[in-house]
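Spelled out, the chains give:
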Amino acid sequence: MSLEGPHSLSLRQRLRRGQSLRALLAELFRFGAVGAVAFVVDVGLFNLLRFGPGGLLADQPLTAKTLAVSAAMLTAWLGHRLWTFSRTRRHRRGSELVLFVAVNLAAMGIAVGCLAVSHYVLGFTSALADNISANGVGLVLGTAFRYVCYRYLVFAEPASAAPAAPANGDEATLR
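Residues numbered from 1 in each chain as written. Predicted model: local features only at pLDDT ≥ 70, side-chain atom pairs only at ≥ 80, totals over all residues. Heavy atoms only, no water.

Two side chains of opposite charge can pair, provided their charged atoms sit close to one another. Overall, the coordinates contain three salt bridges when judged by the stated rule. As a salt-bridge pair, Arg-151 and Glu-27 come within 2.6 Å of each other at their nearest N and O atoms. Taken together, the residues span a long stretch of sequence, with Arg-151 in helix 5 (residues 127-154) and Glu-27 in helix 2 (residues 21-51) at a distance of 124 residues. For Arg-151, a relative accessible area of 15% corresponds to the buried category. Residue Glu-27 is classed as buried on the basis of its relative accessible area of 7%. Between Arg-81 and Glu-96 there is a salt bridge; the shortest N-O distance is 2.6 Å. Linking Arg-81 in helix 3 (residues 61-84) with Glu-96 in helix 4 (residues 93-121), this pair joins segments that are 15 residues apart in sequence. Pair check on accessibility: Arg-81 and Glu-96 agree, each one buried. (Salt bridge = Lys/Arg side-chain N within 4 Å of Asp/Glu carboxyl O. Helix = DSSP H or I, 4+ residues; strand = E, 2+ residues; numbered from the N terminus. Buried < 20%, exposed > 50% of the residue type's maximum accessible area, 1.4 Å probe, protein only.)

Okay, structure coming up:
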């Protein structure tokens, strides 16, 4: 399956285009802010469904978590589409959303993989060890993976767009 279409640059071309340090930091801030909102949606909705008024899904933790993660994923996609990567998003929302979900599933696999290695291969089975491997190491690696994939695959800049030029001539450019 090729990720390149008639209106997209190859990953290698996008990596070479460069971006000002200021623009990169602003994009990273927006990425983190959207991620934080999605995290609050996930945790908040999960707890509301499980422990909130009426205990809607008090006896169904997996259903509650599935609904919460789905709402958080939709929140993140909209936030990244409309704010973080608004200048480089795809014109076809459907294909963008499919790629977004695929990247999130792969990132979840990274966190689960970290937990599996720690728990089953290394034998670290305490609650603390499980949290460090899944929600510490796995979260950091998954977040880095998401950012790179969102930037260069999901919200890919169209090939017809001009290269990003630094706002200031003496501003450092990342290559």
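Here the focus is the layout of surface pockets. Here the idea is plain: a probe the size of a water molecule rolls over the atoms and shows the empty space left. Considering only enclosed or pocket space, the largest pocket measures out at about 1,000 Å³ in volume. Surrounding the largest pocket, 29 residues form its lining, Phe-39, Asp-42, Asn-104, Leu-139 and Arg-146 being those nearest its centre. Elements that contribute at least two residues to the lining of the largest pocket include exactly helix 2, helix 3, helix 4 and helix 5. Grouping the amino acids of the lining of the largest pocket by side-chain chemistry returns 18 nonpolar, eight polar and three charged. (1 Å grid on protein atoms, 1.4 Å probe; cavity = no way out; pocket = protein on both sides within 12 Å on 5 of 7 lines; lining within 4 Å. Points joined across faces, edges and corners; volume = space filled by probe spheres on them. Nonpolar A, V, L, I, M, F, W, Y, C, P; charged D, E, K, R; others polar.)

What follows is about the packing of aromatic side chains. A full pass over the atoms with the stated rule returns seven aromatic pairs. Relative to Tyr-147, the ring of Phe-31 has its centre 5.1 Å away and its plane inclined at 75 degrees; by these criteria the two rings are edge-to-face. Of this pair, Phe-31 sits in helix 2 while Tyr-147 sits in helix 5, placing them 116 residues apart in sequence. You can call Tyr-147 buried: its relative accessible area is 11%. Consider the rings of Phe-31 and Tyr-150, whose centres lie 5.9 Å apart with planes at 65 degrees: the pair is edge-to-face. Taken together, the residues Phe-31 in helix 2 and Tyr-150 in helix 5 connect sequence positions 119 residues apart. You can call Phe-31 buried: its relative accessible area is 11%. With relative accessibility at 2%, the residue Tyr-150 sits in the buried group. (Phe/Tyr/Trp six-rings, centres within 6.5 Å; stacked < 30°, edge-to-face > 60°.)

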